[in-house]
Amino acid sequence: MKKSTQYRLLQGNEAAAEGALAAGVRFFAGYPITPSTEIAEILSVRLPELGGKFIQMEDEIGSIAAVIGASIGGVKATATSGPGFSLMQENLGYACLTEVPLVIVNVMRGGPSTGLPTSPSQGDVMQARWGTHGDHPIIVLSPASVAETFHYMVKAVNFSEKYRNPVIMLMDEVIGHMRARVSLPPWSMVETVNRIIPNMPPEWYVPYERTSMGVPPMASFGSGYRYHVTGLVHDEQGFPTGKSSEARDNIMGIFKKIERGFREVCLVDYHRMEDAEHAIVAYGCMVLSAMSAIEELRDDGIKVGLIKLGTLWPFPRFALEHYLPQLKTILVPELNMGQIYREVVRVDMGRAAVEKINKINGELITPDEIIKAVRGLAR
Amino acid sequence: MISNAELVKKYCRHNKKFPHIWCPGCGNGIILSGLLRAVDGLGLRKDEIAFVSGIGCSSRAPVYVDFNTLHTTHGRALAFATGLKLAKPELTVIVATGDGDATAIGGNHLIHACRRNIDMTTIIFNNYIYGMTGGQYSPTTPHGAHGSTCRAGNIENPFNISALVEAAGASFVARTTSYHVMQLQDLIKKAIRHRGFAVVEVITHCPTLYGRLNKAGGAPEMLKWQREVAVPKNKAAKMSPEELEGRIVTGVLVEKELPEYCDLYDEIIRQAREKAGRGGENE
Amino acid sequence: MEKNRPQAGDRRPPEETTTTREIPTITVFQAWCKRCGICVAFCPQQVLAMDENRQVYAKQPEKCIACHMCELRCPDFAITVQEPEPALPDGRSGGKP
């Protein structure tokens, strides 16, 4: 008898934890911080049940360091943070350059600094893109519901394994703490992706030689393929290099592999955009407000639709460009001062009128506020 | 005794990275040689060793050897190594770190790794200075000594690294110098054999920077100084604090059998699986 | 070294100066030696010395007792001492054990 889909009342953070486990994560390192601590608490119980390991490190710097170490040891690994995301930046850059798969779940709260610890915010969007120094690619997903948090976590782990690049699950406190009745698929139905491993004999293994997909096969430490991993720009052998051509190949190589996977990693949904003259671009908890606003606006005969960004970085510009010819206005409601708004303006290039609604005081932007704004634009 | 020729052929990435980056007469090469001889003495297989390091002169050691080598970020080697060890407990994890890397930026990770007593061997290359960046003073630069950032003499008091790690809970602590090459090999062997967090502090000489800034002479002179000031632990036990002033106490300073982190966590897993019943929930 | 893809042949350092007689063979890899003077300073038998180009050589090879101190103290793995061949069939000593 096929196992029936189980319905559970689940918190967003719990869905992130369960998604990680379903995707094969068997190592977690984290540090207590509101609003992501539940993920650590849940995994501290669930991981050992599955033979996995949990460790609470001395800070977020140690957490991501341990996660990178575990991933190099061949185990899928995740770390969590809130504002501690700021402490993770240097090692995040290390993981980008050394191409180590890992997922960081950052549940955003009111910033900056200690900020509004129990209030939601979306203020870390640009930090998720440019928080660490130097040019580097990054994949940042932003779930807009509890169920989606589970599925996006699985995708995040899969993307990080497939592209050998850190992936950030950028959740806001609303999604992290809200509860919903969700049906989770049994693990047998969950598609998991594992990093490609070398199949040539060890003495022929060139650790950072790119395959046709642009992703080097990754041997785990202790598997008979001895090699060097360093945060210094390196040649194909993984050894430090100062040669400008090798430096270019190293850094451009990590960009190219993400560019090649651009369409796959860009998760976008559209709602009632077919005939839309006005669009709302939203992500995370703002999607909830936008959805109910659209229902009401449509009842008033205003042709408005939603472009829901499941991926923030790389920025899914095609999602806008496809509809720009038919759009008069675009509204971008965000719980920050307009961080994705800037990207929308950049892509829009003046074609449609782009407006924003911003709140940074811990409050949510309500459907009514969105309705009022769209009505104003639609006139 | 394995000769340098055999040692290089067996353990080093010699047709790739030599001659190495360290300055003429630097002690780091001596420590690396001691480590390789210890590994050879223990008969460890290259596949089962993970050699992790942070940033600095000390931390350039892993690139030269044919192990699983991981050159991490400044001060974070121990945190990386903790994750690696937990993921792959069968690996023999060795960490190379410097006095700055381990006790300045990495101090927080150092004391917590000691406290956890996770099974790995940390070799602290203590040359009293930041070498790679040009001779700035470090947490172990002696009071009054000179560095490129304390030209008028260091007003700070240095850590006693061995006492620090002992207080933090390391279950094996030993100290030697780059002069005592036989003791170096022996202590590293003991440290690797020890199950738990083992620290070997190696006082080493940096002729190019510390030596020049403090007029301590070249490599031979600095090594002779180490020979003079070193005193074995049991002899030191009979000496008064005044007599021990400025001396370096060498040998095994701490050797305790304490529960090891990975072993303790395996017990957590055993209990959790038992409680969760066969196969766990969603398997 | 079997780890990397086989190269055309190991990059053996050039200019090896080797003193070979019944006594231990002292080889200095001049390409790796950084002329730090540690081996010369700490050889218990004062076997080693530096020439005018500060290149290390065995000045008194016959005094070498194969204690390997120069090898253990060399920061650059640049000197190696091979024991003399075992005693010859006619009983003449092949040098110190």
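Keep in mind that this is a model prediction, so the values were computed, not measured. (Residues numbered from 1 in each chain as written. Chains lettered and ligands numbered in written order. Predicted model: local features only at pLDDT ≥ 70, side-chain atom pairs only at ≥ 80, totals over all residues. Heavy atoms only, no water.)

**Some thoughts on the overall build of chain B**
Argument step 1. Scanning chain B for helices and strands turns up 13 helices and 10 strands.
Argument step 2. Taking 283 residues into account, the globule formula puts the C-alpha radius of gyration at 19 Å, and chain B, at 19 Å, falls close to it.
Argument step 3. Taking the principal axes of its C-alpha atoms as reference, chain B extends roughly 70 × 45 × 35 Å.
Argument step 4. Expressed as a percentage of its 283 residues, the buried residues of chain B come to 63%.
Argument step 5. Restricting to contacts in chain B with at least 6 residues of sequence separation, those with at least 24 account for 68%.
Argument step 6. Accessible surface computed for chain B: about 10,400 Å², of which carbon and sulfur atoms make up 55%. (Helix = DSSP H or I, 4+ residues; strand = E, 2+ residues; numbered from the N terminus. Rg over C-alpha atoms; globule rule 2.2 N^0.38 Å. Buried < 20%, exposed > 50% of the residue type's maximum accessible area, 1.4 Å probe, protein only. Contact = heavy atoms within 4.5 Å. Areas by Shrake-Rupley, 256 points an atom, 1.4 Å probe, with all protein chains shown as cover.)

**Describing the sheet that holds strand β15 (residues 329–334) of chain A**
Residues and elements named next belong to chain A.
Argument step 1. Here we have 5 strands laid out as an open sheet, ordered β11-β13-β12-β15-β16, and mixed in their pairing. Each edge of the open sheet carries a strand with a single partner, namely β11 (268–271) and β16 (353–358). The sheet shows a mean angle of 20° between the axes of neighbouring strands, direction not considered.
Argument step 2. Each of β12 (278–282), β13 (304–309), β15 and β16 is contacted by helix α13 (residues 367–378), which is oriented at about 160° to β15, the strand it contacts most. (Pairing = 2+ DSSP bridges. Axes fitted to C-alpha atoms, helices over the stretch in contact; angles between N-to-C directions.)

**Considering empty space enclosed by the protein**
Residue and element names in this part refer to chain C.
Argument step 1. Under the counting rule described, the total for this entry stands at 5 cavities of 30 Å³ or more.
Argument step 2. Taken as a whole, the largest cavity encloses approximately 120 Å³ of empty space.
Argument step 3. The wall of the largest cavity is formed by 16 residues, among which Cys 33, Cys 36, Cys 39, Cys 74 and Ala 78 lie closest to the centre.
Argument step 4. For the lining of the largest cavity, the secondary-structure elements that each account for two or more residues are α1 (38–42) and α2 (69–73).
Argument step 5. Among the residues forming the lining of the largest cavity, the class breakdown is 11 nonpolar, 1 polar and 4 charged.
Argument step 6. By volume, the second largest cavity amounts to about 100 Å³.
Argument step 7. Around the second largest cavity sit 14 residues that line it, and Cys 43, Cys 64, Cys 67, His 68 and Cys 70 are the ones nearest its centre.
Argument step 8. Classifying every residue of the lining of the second largest cavity by side-chain character gives 12 nonpolar, 2 polar and no charged. (1 Å grid on protein atoms, 1.4 Å probe; cavity = no way out; pocket = protein on both sides within 12 Å on 5 of 7 lines; lining within 4 Å. Points joined across faces, edges and corners; volume = space filled by probe spheres on them. Nonpolar A, V, L, I, M, F, W, Y, C, P; charged D, E, K, R; others polar.)

**Re the interface of chain B and chain A**
Argument step 1. Facing 44 residues of chain B, the contacting portion of chain A comprises 49 residues.
Argument step 2. The contact between chain B and chain A buries some 3,900 Å² in all, and 57% of this surface belongs to carbon and sulfur atoms.
Argument step 3. Summed over the shared surface of chain B and chain A, the number is 4 salt bridges.
Argument step 4. Its salt-bridge partner being Arg 226 of chain A, residue Asp 47 of chain B comes within 2.8 Å of it at the nearest N-O pair.
Argument step 5. Our enumeration of links across chain B and chain A arrives at 22 residue pairs in polar contact (both at pLDDT 80 or more).
Argument step 6. Among the secondary structure elements, those contributing two or more residues to the side of chain B that touches chain A are α2 (14–17), β2 (68–71), α4 (77–87), α6 (107–116) and α13 (261–276) of chain B.
Argument step 7. The element contributing the most residues to the side of chain B that touches chain A is α13 of chain B, with 8 residues.
Argument step 8. Residues that form the side of chain B that touches chain A fall into these classes: 18 nonpolar, 12 polar and 14 charged.
Argument step 9. When strand β10 (residues 228–230) of chain A meets β2 of chain B, the two strands line up parallel, connected through 3 bridges. Each bridged residue has a counterpart across the sheet, and for Thr 230 of chain A the counterpart in β2 of chain B is His 71 of chain B. (Buried area = accessible area lost by both parts, 1.4 Å probe. Salt bridge = Lys/Arg side-chain N within 4 Å of Asp/Glu carboxyl O. Polar contact = N/O pair within 3.5 Å; in protein donor to acceptor, adjacent residues only side chain to side chain.)

**Observations regarding the nonpolar core**
Argument step 1. Counting residues in hydrophobic clusters, the biggest one holds 95 residues, and the most contacted among them are Phe 27, Ile 307 and Ile 330 of chain A together with Phe 197 of chain B.
Argument step 2. In terms of residue count, the dominant contributor to this core is α4 of chain B (8 residues).
Argument step 3. Listed in part, the 65 residues of the second largest apolar core include Tyr 152, Val 167, Ile 280 and Leu 306 of chain A. (Core = buried A, V, L, I, M, F, W, Y, C linked by side-chain atoms within 4.5 Å.)

**Digging into the packing of helix α3 (residues 60–72) of chain A against helix α4 (residues 89–98) of chain A**
Residues and elements named next belong to chain A.
Argument step 1. Here α3 crosses α4 at 20°, and the two axes come no closer than 8 Å. Of the possible angle classes, the one that applies to α3 and α4 is roughly parallel. Crossing geometry of α3 relative to α4 is assigned as left-handed. Residues Ile 61, Ile 64, Ala 65 and Ile 68 of α3 form the contact with α4, whose own contacting residues are Asn 91, Leu 92, Tyr 94 and Ala 95.
Argument step 2. For the contact of α3 with α4, the per-class residue count stands at 7 nonpolar, 1 polar and no charged. (Parallel < 35°, antiparallel > 145°, perpendicular 65-115°, else oblique. Left-handed = near helix turned anticlockwise from the far one by under 90°.)

**Re the sheet that holds strand β1 (residues 49–53) of chain B**
Argument step 1. Spatial strand order, β10(A)-β2(B)-β1(B)-β3(B)-β4(B)-β8(B)-β7(B)-β10(B)-β9(B): 9 strands in an open sheet with mixed pairing. Two strands close off the open sheet at either side, each with one partner strand: β10 of chain A together with β9 (230–232) of chain B. Adjacent strand axes in the sheet meet at a mean angle of 20° when their direction is disregarded.
Argument step 2. With 7 bridges connecting them, strand β4 (residues 120–126) of chain B and strand β8 (residues 197–203) of chain B associate as parallel partners.

**Quick word on the layout of surface pockets**
Residues and elements named next belong to chain B.
Argument step 1. Estimates place the volume of the largest pocket at around 800 Å³.
Argument step 2. Looking at the largest pocket, it is lined by 33 residues, and the ones nearest its centre are Tyr 128, Ile 203, Gly 246, Arg 247 and Ile 248.
Argument step 3. Of all the elements in the fold, those that place two or more residues in the lining of the largest pocket are α7 (161–168), β7 (172–177), β8, α10 (219–229) and β10 (248–255).
Argument step 4. Looking at the lining of the largest pocket residue by residue, the classes come out as 18 nonpolar, 9 polar and 6 charged.
Argument step 5. Considered as a void within the structure, the second largest pocket measures approximately 410 Å³ in volume.

**Some thoughts on the packing of α6 of chain B against α7 of chain B**
Residue and element names in this part refer to chain B.
Argument step 1. Direction vectors running N to C along α6 and α7 enclose 50°, while the axes themselves pass 7 Å from each other. In this view, α6 runs oblique relative to α7, as classed from their interaxial angle. In this structure, α6 contributes Leu 110, Ile 111, Cys 114 and Arg 115 to the contact, and α7 contributes Leu 164, Val 165 and Ala 168.
Argument step 2. A class-by-class count of the residues in the contact of α6 with α7 yields 6 nonpolar, no polar and 1 charged.

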